[in-house]
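Residues per chain, in single letters:
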Amino acid sequence: MSDFAIETTGLVKVFGEHRAVDGVDLQVAPGGVYGVLGPNGAGKTTTIRMLATLLKPDGGSARVLGHDVVTESHQVRSRVAMTGQFASLDEDLTGLENLVMLAKLYGYRGTAARDRADQLLDAFDLTEAGTKQVKSYSGGMRRRIDIAGSIVVRPDLMFLDEPTTGLDPRSRNQVWDIVRALVGAGTTVLLTTQYLDEADQLADRIAVIDRGKVIAEGTTGELKASVGTGALRIRVADPADRDRAGVLLAEALGGEPVTEKDPYALSLNVSSPGDVPAALVRVREHGVDVSEFSLGQPSLDEVFLALTGEHVADVESTDSEVPA
Amino acid sequence: MTTTPTSAAAASMDAKVREAVGSADRPEPVGPVASSLIFTHRALLKIKHVPEQLFDVTMFPILFTLMFTYIFGGAIAGSTGQYLEYLAPGILVQTVVMITMYTAMTINNDIKKGVFDRIRSLPVWRPSLMVGALLGDTLRYTMASAVILVVTMLIGYRPPGGVAGVVTAVLLLLLFCFSVSWIWTLLGMKLRSPESVMGVSMMVLFPLTFLSNVFVPIDTMPDWLQPVVEHNPVSILVDAVRSLMVGDPHGGSILQVLVISGVLVAIFGPLTMRAYSRKS
């Protein structure tokens, strides 16, 4: 028996001609948050669905909490929980009815089921909404009731599939708080996300997935180091000056200037952010007007660019969304 | 963990979530019967929240009974009163068998909404979702049966088989409908949208209920058609139900209905479960 919470070897899932997951190797240690980062259609959801025993792999093997996901799926199911991209509760029922139903299915009997449901509603700030039908909930409320449904009995491992996609910042922060509380209580969390920022906030280690393959793995620090500490983005006042600005910045800061679709915009990965002000002054001195500039953490697009040489947008156009 | 909760509200939420999550309760998951009944309860709660869905088990039966009695009655049996004697058991079977197709639409909706994923990842007996839903549907079929019986009796039908005959007839009908519903659970899982589910089940149910002895005796049909109609399971069911309601139970057709029901579950039960486990 392995010591990993999740261990996959050469995991494959094929939909028709499309190899949605194409040989994924993952090793996730118990405790903490493990992030799986990638654009739409990269194979994140398909991978998670195989690990949660909702989908049978076409190749390779996966062990979750020491159990094979195919031959010992029942043991896996009794110890993991999954929250998908969409609220998976009965929309016609109230939040309370949904939670009581789940509590009963997990074996809480009589009033214990109701007590557990009330406790969860209170913890997730949904007591008031508890008597309303789930279809009337906002996006953030749905996500919370969905997560509450997943922890009726505390799972040893929780899969969260893009838990904050489409949420407003306040709801997103609430979900993040919930994830931290889960980890604090001893649950291992595997989280997929399209946002490097989210992985950075929550995850201890990250795997970057593209076209069904893991293309990078490591701590957030290691990953960011691979793309430089940050990215400098500028917009020039006159598109004709863009190339000249790129050359000047590259001389001062090192790195390769990258032009964007926007004819005024330019970006550059920077390893020493302290040199940026001087470099901008130099550009100005050479008569190039800069209308905007920002220095930030590399975006997912830049991580991708660094790892694959392609923009996320290019990847998306050649890859389709995973069937639900 | 690099950051701390940003506000007092978050901190209090965090503490409560920790407490809720920290609960070490790990009750034994429920058994197959209990989990099926929990899903039946869910179906009943849905009726409570969306009572419109009872339309098909109330208005549909009333319309059918009145329409067929008064339109065909005179032509087929000489008078509506006499025809009712023949039609009442038939219309009961036809109407209730027709409304079984809503089972497929419910299942299809559950898949779309993601409820399926949640339930499939629970450590409970896997068929219980379907069994529970079908038991809930059985309650709807019972309501439809009651509506038809009340309507036919209001316009003059007096079942010679008495209460015992009627109750046995309805029980047999419910068993048959429960078994037929496994075809719809399979369809509900295989087809893409509620609309296509509706289309396909109509295509199956219309010939099945009309190419039968529901409205007219088989010996009035052309020779080539008679064997088809005779072997139609709906005809056999109508025979059995009619015999029970008349008070002259026909053992042969009753036995056949039991066998057909068993065979339907034996074939479509496992096929449904296979589709359920493989559903991506």
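Thresholds, definitions, all that
- Residues numbered from 1 in each chain as written.
- Chains lettered and ligands numbered in written order.
- Predicted model: local features only at pLDDT ≥ 70, side-chain atom pairs only at ≥ 80, totals over all residues.
- Heavy atoms only, no water.
- Pairing = 2+ DSSP bridges.
- Helix = DSSP H or I, 4+ residues; strand = E, 2+ residues; numbered from the N terminus.
- Axes fitted to C-alpha atoms, helices over the stretch in contact; angles between N-to-C directions.
- Polar contact = N/O pair within 3.5 Å; in protein donor to acceptor, adjacent residues only side chain to side chain.
- Contact = heavy atoms within 4.5 Å.
- Phe/Tyr/Trp six-rings, centres within 6.5 Å; stacked < 30°, edge-to-face > 60°.
- Buried < 20%, exposed > 50% of the residue type's maximum accessible area, 1.4 Å probe, protein only.
- pLDDT = per-residue confidence, 0-100.
- Buried area = accessible area lost by both parts, 1.4 Å probe.
- Salt bridge = Lys/Arg side-chain N within 4 Å of Asp/Glu carboxyl O.
- Core = buried A, V, L, I, M, F, W, Y, C linked by side-chain atoms within 4.5 Å.
- Domains from an automatic or database assignment.
- Arc of directions from axis to C-beta.

**Some details on the sheet that holds strand S10 (residues 213-219) of chain A**
All names here are of chain A.
Here is step 1: Taken together, 6 strands build an open sheet; the order of strands is S6-S7-S8-S3-S9-S10 and the sheet is mixed. Two strands close off the open sheet at either side, each with one partner strand: strand S6 (80-83) and S10. Direction aside, the axes of adjacent strands within the sheet are offset by 15° on average.
Here is step 2: Direction of pairing for strand S3 (residues 33-37) relative to strand S8 (residues 188-193): parallel, over a ladder of 5 bridges.

**Remarks on the side chain of serine 35 of chain B**
Here is step 1: Positionally, serine 35 of chain B belongs in helix H2 (residues 32-49).
Here is step 2: A polar side-chain atom of serine 35 of chain B sits 3.1 Å from the main-chain carbonyl oxygen of proline 32 of chain B.
Here is step 3: When sequence neighbours within four positions are dropped, the list of residues in contact with serine 35 of chain B reads Leu105 of chain A together with Val30, Val124, Trp125 and Ser128 of chain B.

**Overview of the environment of glycine 246 of chain A**
All names here are of chain A.
Here is step 1: Tracing the backbone through its elements, the reader meets glycine 246 in helix H9 (residues 242-253).
Here is step 2: Separated by 19 residues in the primary sequence, glycine 246 and alanine 265 place their C-alpha atoms 9.9 Å from one another.
Here is step 3: Contacts of glycine 246, omitting those with residues within four sequence positions, involve Pro257 and Leu266.

**A word on the packing of aromatic side chains**
Residue and element names in this part refer to chain B.
Here is step 1: Counting across every chain of the model gives 7 aromatic pairs over all chains.
Here is step 2: Residues phenylalanine 64 and phenylalanine 68 carry aromatic rings whose centres are separated by 5.4 Å and whose planes lie at 70° to one another, so their mutual orientation is edge-to-face. Residue phenylalanine 64 and its partner phenylalanine 68 are located together in helix H3 (residues 55-77), separated by 4 residues, close to a single helical turn. The same class applies to phenylalanine 64 as to phenylalanine 68, namely buried.
Here is step 3: Measuring from ring centre to ring centre gives 4.5 Å for phenylalanine 68 and phenylalanine 215, while their planes differ by 40°; the resulting arrangement is tilted. One end of the pair, phenylalanine 68, is in helix H3; the other, phenylalanine 215, is in the loop between helix H9 (194-210) and helix H10 (226-231), with 147 residues separating them in the sequence.

**Overview of the sheet that holds strand S12 (residues 258-259) of chain A**
All names here are of chain A.
Here is step 1: Taken together, 4 strands build an open sheet; the order of strands is S12-S13-S11-S14 and the sheet is antiparallel. The sheet is open, and its two edges are formed by S12 and strand S14 (290-296), each paired on a single side.
Here is step 2: Note that strand S11 (residues 230-236) and S14 share 6 bridges and pair antiparallel. Counted as the bridge partner of arginine 235 is glutamate 292 from S14.
Here is step 3: In the packing of H9 onto the sheet, contacts are made with S11, S12 and strand S13 (265-270), and the angle to S13 comes to roughly 10°.

**Focus on the confidence of the model for chain B**
Here is step 1: In the predicted model, chain B carries a mean pLDDT of 86, and 94% of its residues have values of at least 70.
Here is step 2: If you check the scores for this complex, the pTM reads 0.77 and the ipTM reads 0.81.

**Side note on the interface of chain B and chain A**
It is common to give the size of an interface as the accessible area that goes away when the parts come together.
Here is step 1: At the interface, 44 residues of chain B touch 55 residues of chain A.
Here is step 2: Summing the contributions of chain B and of chain A, the shared interface buries around 4600 Å²; its carbon and sulfur component is 57%.
Here is step 3: The interface formed by chain B and chain A contains 6 salt bridges.
Here is step 4: A salt bridge links lysine 16 of chain B to aspartate 122 of chain A, with the shortest nitrogen-to-oxygen separation between them at 3.3 Å.
Here is step 5: For the interface between chain B and chain A, the tally reads 10 residue pairs in polar contact (both at pLDDT 80 or more).

**Concerning unusual backbone geometry**
Most of the time, phi is negative for any residue but glycine, and the peptide bond is trans.
All names here are of chain A.
Here is step 1: The backbone of threonine 53 shows a phi angle near 65°, a positive value even though the residue is not glycine.
Here is step 2: Residue position: threonine 53 is located in the loop between helix H1 (44-51) and strand S4 (59-64).
Here is step 3: Residues other than glycine seldom take positive phi values, yet glutamate 162 does so here, at roughly 45°.
Here is step 4: Along the polypeptide, glutamate 162 turns up in the loop between strand S7 (157-161) and helix H6 (169-184).

**Describing the nonpolar core**
Here is step 1: Counting residues in hydrophobic clusters, the biggest one holds 122 residues, and the most contacted among them are Phe124 and Val189 of chain A together with Leu237 of chain B.
Here is step 2: Counting residues per element, this core draws most heavily on helix H8 (residues 162-190) of chain B, at 14 residues.
Here is step 3: The residues that make up this core include at least three from each of domain 1 (6-87 + 137-224) and domain 2 (94-132) of chain A.
Here is step 4: Not counting chain neighbours up to four residues away, the residues in contact with leucine 237 of chain B comprise Val93, Val97, Leu172, Leu173, Phe176 and Val257 of chain B.
Here is step 5: One finds Met50, Leu65, Val69 and Met82 of chain A within the second-largest nonpolar core, a separate group that totals 30 residues.

**A short note on the pattern of salt bridges**
Here is step 1: Summed over all chains, the structure comprises 24 salt bridges over all chains.
Here is step 2: Linking aspartate 90 of chain A and arginine 42 of chain B is a salt bridge whose minimum nitrogen-to-oxygen distance equals 2.6 Å. Of the two residues, aspartate 90 of chain A sits in the loop between S6 and helix H3 (95-105) while arginine 42 of chain B sits in helix H2, which places them in two different chains.
Here is step 3: For aspartate 90 of chain A, a relative accessible area of 3% corresponds to the buried category.
Here is step 4: Its salt-bridge partner being aspartate 110 of chain B, residue arginine 42 of chain B comes within 2.8 Å of it at the nearest N-O pair. Of this pair, arginine 42 of chain B sits in helix H2 while aspartate 110 of chain B sits in helix H5 (residues 102-113), placing them 68 residues apart in sequence.
Here is step 5: Accessibility expressed as a relative area gives 5% for arginine 42 of chain B, which makes it buried.
Here is step 6: Each member of the salt-bridge network shares a partner with another, and the members are Asp90, Asp92 and Lys135 of chain A together with Arg42, Lys46 and Asp110 of chain B.

**A look at helix H10 (residues 276-285) of chain A**
Residues and elements named next belong to chain A.
Here is step 1: All of the buried residues in H10 are Val276, Ala279, Leu280 and Val283. The arc that holds the buried residues of H10, viewed along the axis, is 100°, so those residues lie on one side. Within H10, the exposed residues directed more than 90 degrees away from the buried face are Pro277, Ala278, Arg284 and Glu285.
Here is step 2: Here the buried face of H10 lies against S11, H9, S13 and S14.
Here is step 3: Looking at the residues trailing H10, positive phi occurs at glycine 287, about 80°.

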